[in-house]
Amino acid sequence: MSSLAGHACAGLTAFLCWNARAPAPSRAAIVPFVFLAVCPDLDYLGIWLLGYGANPRLTHSLLFALIAAVAANRMAKAVGVQLALPWLLAASAPHPLLDLLVGAHPVPLFWPLQAEVSLPGVLPSAGALKFDNVYLWRNLLIELGVLLPVFAALVVMARGAALRRWHTWALCVAPVWAAFVAWSISLPR
C-alpha cells in the first residue's frame, strides 16, 4: 500500500487544483479532500479493532471512490458549502491507483466487474509501520520524491502558470524526479 503521506498529498493536490478555480476559495474545504484521499484505509480499523479483514478490500475500488465523493458532495451541500464533484472524485480515486502502483497487493479496482488487478511495483511499499524501521523512512522519502513533483506539476498547471516558467521548473525538477523513479524501481521486490 502507498503511505498515508502519499494519499494525503493526493487529496491536498486535488484541493489546491480545485481551490485555484473555485468561485469562492475556502481553506476549510481541505478537510473533505484529504479525508476522501485517505478514507479507503479506514477499513484497517476493522482489522486492528475487530481482527476482521475484508477480502477483497472493496474500499479500494473506483466504485467506492465515486460513492464516497458523491456522499461528501451531498454532505457539503447540506451545510451550505459548494464543492465540485469532479474535484472530490479527483481526491478519492487516486487512493486505489496509488496502492496499485505499489504492487504489493492486488487491488479490486473495477469491483464488481472484475476481481482484482495487480501491477509490478513502481512505488516502494510502506513496509512495517514501526518508527524504528529504517526502510519505512527510506521508502517514504522515495515515494514522496516520485509523487510530489507530479502533484506539484498538476497544481502548477491548474493555476495556469506561464508556459516559460513551467518549462524552466520542469527542466530543473525532471532529473531529480527521474532519479527517485529509478531508485524506486531498482529496489528488490
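Throughout this document, residue positions are counted from 1 along each chain, in the order its sequence is written. Restriction of local features to residues with pLDDT of at least 70 applies here, the model being predicted, together with a cutoff of 80 or more for giving and counting side-chain atom pairs; totals for whole chains, interfaces and linings are based on all residues. Based on all heavy atoms of the structure, the side-chain values leave hydrogens and waters out of the count.

1. A short note on the nonpolar core
To keep things clear, this is the line we draw: Buried residues of nine kinds, namely Ala, Val, Leu, Ile, Met, Phe, Trp, Tyr and Cys, make up a nonpolar core once their side-chain atoms join them within 4.5 Å. Only protein chains enter the accessibility calculation, which uses a 1.4 Å probe; a residue is then buried when its area is under 20% of its type maximum, exposed when over 50%, and partly exposed in between. Runs of H or I in DSSP of at least four residues are treated as helices and runs of E of at least two as strands, each being numbered from the N terminus. Any two residues whose heavy atoms approach within 4.5 Å are treated as being in contact.
Counting residues in each nonpolar core, the largest one holds 14 residues, and the members touching the most others are Trp18, Ala29, Phe33, Leu36, Leu83 and Leu88. Where this core is concerned, the elements lending two or more residues are α1 (4-21), α2 (30-38), α4 (62-78) and α5 (85-92). When neighbours within four sequence positions are excluded, Phe33 is seen to be in contact with Gly11, Ala14, Phe15, Trp18, Leu83, Trp87, Leu88 and Ala91. Judged by nonpolar contacts, the second largest core, of 12 residues, contains Ile142, Val146, Val181 and Leu187.

2. Focus: the packing of α1 against α2
To describe two helices that pack against each other, one gives the angle between their axes and the distance between the axes. Put simply, the test is: The angle between two axes is taken between their N-to-C directions and runs from 0 to 180 degrees, where each axis is a line fitted to C-alpha atoms and a helix contributes only its stretch in contact. Convention used here: angles under 35 degrees read as roughly parallel, angles over 145 as roughly antiparallel, angles from 65 to 115 as roughly perpendicular, and any remaining angle as oblique. Here a crossing is taken to be left-handed if its near helix is turned anticlockwise relative to the far helix by less than a right angle, and right-handed if that turn runs clockwise.
Relative orientation of the contacting elements α1 and α2 amounts to 140°, with a least axis distance of 8 Å. With respect to α2, the element α1 is oriented oblique. In this structure, the crossing between α1 and α2 has a hand that is right-handed. Counted together, Leu4, His7, Ala8, Gly11, Leu12, Ala14, Phe15 and Trp18 of α1 and Ile30, Phe33, Val34, Ala37 and Val38 of α2 form the full contact between these two elements.

3. Considerations on the packing of aromatic side chains
Operational definition: Each pair of aromatic rings taken from Phe, Tyr and Trp, with Trp reduced to its six-membered ring, is defined by centres within 6.5 Å and is described as stacked if the planes are under 30 degrees apart, edge-to-face if over 60, and tilted in the remaining cases.
Counted according to the given criterion, the structure contains five aromatic pairs. Taking the centre distance of 5.8 Å and the plane angle of 65° together, the rings of Phe15 and Phe33 count as edge-to-face. Pair noted here: Phe15 is in helix α1 and Phe33 is in helix α2, with a separation of 18 residues, a long-range link. The same class applies to Phe15 and to Phe33, which are both buried. Joined through ring pairs, the aromatic side chains of Phe15, Trp18 and Phe33 make up one cluster.

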